[in-house]
Amino acid sequence: MPSTTASPLMDRLGRVHTDLRVSLTDRCNLRCTYCMPEEGLAWLPKPELLTDDELVRLVAVATERLGVRTVRLTGGEPLLRRGLPGLIARLTALPHPPELSITTNGIGLARSAVALREAGLRRVNVSLDTLRPERFAEITRRDRLQDVLLGLAAAQAAGLAPVKVNAVPVRGVNDDEIAGMAAFAIEHGYRMRFIESMPLDAQGAWDRGRMVTADEILERLGERFTLEPLPRSGNAPAEEWRVVGTDAVVGVIASVTRPFCGGCDRVRLTADGQLRNCLFAATESDLRALLRGGADDEAVEAAWRASVAGKGPGHAIDSPDFRQPDRPMSAIGG
Ligand code: SAM
Ligand code: SF4
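Residues numbered from 1 in each chain as written. Chains lettered and ligands numbered in written order. Predicted model: local features only at pLDDT ≥ 70, side-chain atom pairs only at ≥ 80, totals over all residues. Heavy atoms only, no water.

Novice: Account for the overall build of the chain, with residues named and values stated.
Specialist: Secondary structure assignment for the chain yields 10 helices and 12 strands. The contacts in the chain between residues at least 6 apart in sequence include a share of 73% that link residues at least 24 apart. Of the roughly 14,300 Å² that the chain leaves accessible, carbon and sulfur atoms contribute 51%. (Helix = DSSP H or I, 4+ residues; strand = E, 2+ residues; numbered from the N terminus. Contact = heavy atoms within 4.5 Å. Areas by Shrake-Rupley, 256 points an atom, 1.4 Å probe, with all protein chains shown as cover.)

Laid out in structure tokens, this is it:
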């Protein structure tokens, strides 16, 4: 990758931000209970979404002027974005191309994996919370487990490696499948990761008691596997373990009980062009207004730096003053 002389995108605490999450749409074809209500949400009107040209320009500013090196496409469901391979190809053709990955529910991946890989996508994370069809339909309110499994296999075959499977265990819903899902991932050569549920659902119904903690996840895994801790890679939020006797690695993202805010290197861009310096940020910077108002790249860079400079130290979920952000995860870009 050509080197960039951009000065680092640093906040007041010295955290350098090299990772950008870009939401491509707030829409979704599933309705995961811990994320969205059954009826969906009031989707953003199309004119409010960043166009491909606007997105490419913002990623160019991020990579050329701000030192961003990795970009993850997400949503909503990013595979719903029309012309996605074309957008990926444009991002890959930038002078300082980011390492591109995607987080998806996997529906439609069976059809698109090869085109995405050929366009320059490097890796994929597929969200999957259960291997049981009826349970999948209960959790996501859609009967689409088979599509997700086919999508996973297609991603693997297309070389979008390592294919990661992300599951959010919820007590009394799918927490009895933790070891079984890890076994499934080991068998197929996927990298399994469990994520603590966070207060980012649209309904505001998150219940700490239903969150399955990292300690509990590890206990369940320990009943079936012997785990050997791996050194943490950079600022990665996942803690990882090698499954002894296999090549497999499992990870836990303990956002709530073992927060990694101190090493956070992420900023987020919503599908309507609002920059968020944290998943839990109370304020946003309107980059879309700047772009549509004719601002030059220098002004966009300045706004971006100002937003990151104002980043808070952490999410404070445990504080009595904690307030869930107005936007749910699906509209921020998880
Ligand atoms: N639709 C895509 C998907 O499901 O992968 C991308 C967007 S989704 C918001 C990104 C990730 O956020 C998924 O892995 C999902 O499980 C996770 N997620 C959604 N709501 C969550 C919550 N309340 N707490 C923790 N993770 C959540
Ligand atoms: Fe859609 Fe992903 Fe939210 Fe599920 S978690 S409803 S797939 S955005």
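Novice: Residue-level account of helix α7 (residues 214-224), with values.
Specialist: Those residues of α7 that sit buried are Ala 214, Ile 217, Leu 218 and Leu 221. Down the axis of α7, the sector holding all buried residues measures 95°, keeping them to one side. The exposed residues of α7 that point more than 90 degrees off its buried face are Glu 219 and Glu 223. Elements that come into contact with the buried residues of α7 comprise α6 (178-188), β6 (191-195), β7 (227-229), β8 (239-243) and β9 (249-253). (Buried < 20%, exposed > 50% of the residue type's maximum accessible area, 1.4 Å probe, protein only. Arc of directions from axis to C-beta.)

Novice: Could you give an account of the site of ligand 2, with specific residues and numbers?
Specialist: In the vicinity of ligand 2, the residues found are Cys 28, Leu 30, Arg 31, Cys 32, Cys 35, Gly 76 and Asn 105. Within the shell around ligand 2, the residues separate by chemical class into four nonpolar, two polar and one charged. (Near = heavy atom within 4 Å. Nonpolar A, V, L, I, M, F, W, Y, C, P; charged D, E, K, R; others polar.)

Novice: Tell me what's going on with the site of ligand 1, and back it up with residues and numbers.
Specialist: Residues in close proximity to ligand 1 total 15 residues, the closest being Tyr 34, Gly 76, Glu 77, Ser 127 and Met 198. Tyr 34 places a polar side-chain atom, nitrogen or oxygen, 3.1 Å from an oxygen atom of ligand 1. One nitrogen or oxygen atom from the main chain of Gly 76 is found 3.0 Å from a nitrogen atom belonging to ligand 1. Surface burial for ligand 1 is 95%, taken as the share of its 540 Å² of free accessible area covered by protein chains. In the shell around ligand 1, the residues fall into five nonpolar, eight polar and two charged. (Polar contact = N/O pair within 3.5 Å; in protein donor to acceptor, adjacent residues only side chain to side chain.)

Novice: Describe the pattern of salt bridges, and please don't skip the residues or the numbers.
Specialist: Summed over all chains, the structure comprises 21 salt bridges. Notably, a salt bridge pairs Arg 135 with Glu 177, separated by 2.8 Å at the nearest N-O pair. Here Arg 135 is found in helix α4 (residues 133-140), whereas its partner Glu 177 is found in the loop between β5 (164-167) and α6, with 42 residues between them in sequence. Overall, the relative accessible area of 14% leaves Arg 135 in the buried class. Where Glu 216 meets Arg 171, a salt bridge forms, and the shortest distance between an N and an O atom there is 2.7 Å. Of this pair, Glu 216 sits in helix α7 while Arg 171 sits in the loop between β5 and α6; the two residues are 45 residues apart in sequence, bridging distant segments of the chain. The class of Glu 216 is partly exposed, set by a relative accessible area of 21%. (Salt bridge = Lys/Arg side-chain N within 4 Å of Asp/Glu carboxyl O.)

Novice: Can you break down the packing of helix α1 (residues 52-65) against helix α2 (residues 84-92) residue by residue, with the values?
Specialist: Contact geometry for α1 and α2: axes closest at 10 Å, N-to-C directions at 30°. Regarding the angle of α1 to α2, the classification is roughly parallel. With respect to the hand of their crossing, α1 and α2 are arranged in right-handed fashion. Along its contact with α1, which presents Asp 52, Asp 53, Leu 55, Val 56 and Val 59, the element α2 presents Leu 87, Arg 90 and Leu 91. Broken down by class, the residue content of the contact of α1 with α2 amounts to five nonpolar, no polar and three charged. (Axes fitted to C-alpha atoms, helices over the stretch in contact; angles between N-to-C directions. Parallel < 35°, antiparallel > 145°, perpendicular 65-115°, else oblique. Left-handed = near helix turned anticlockwise from the far one by under 90°.)

Just distances and angles here, no functional claims.
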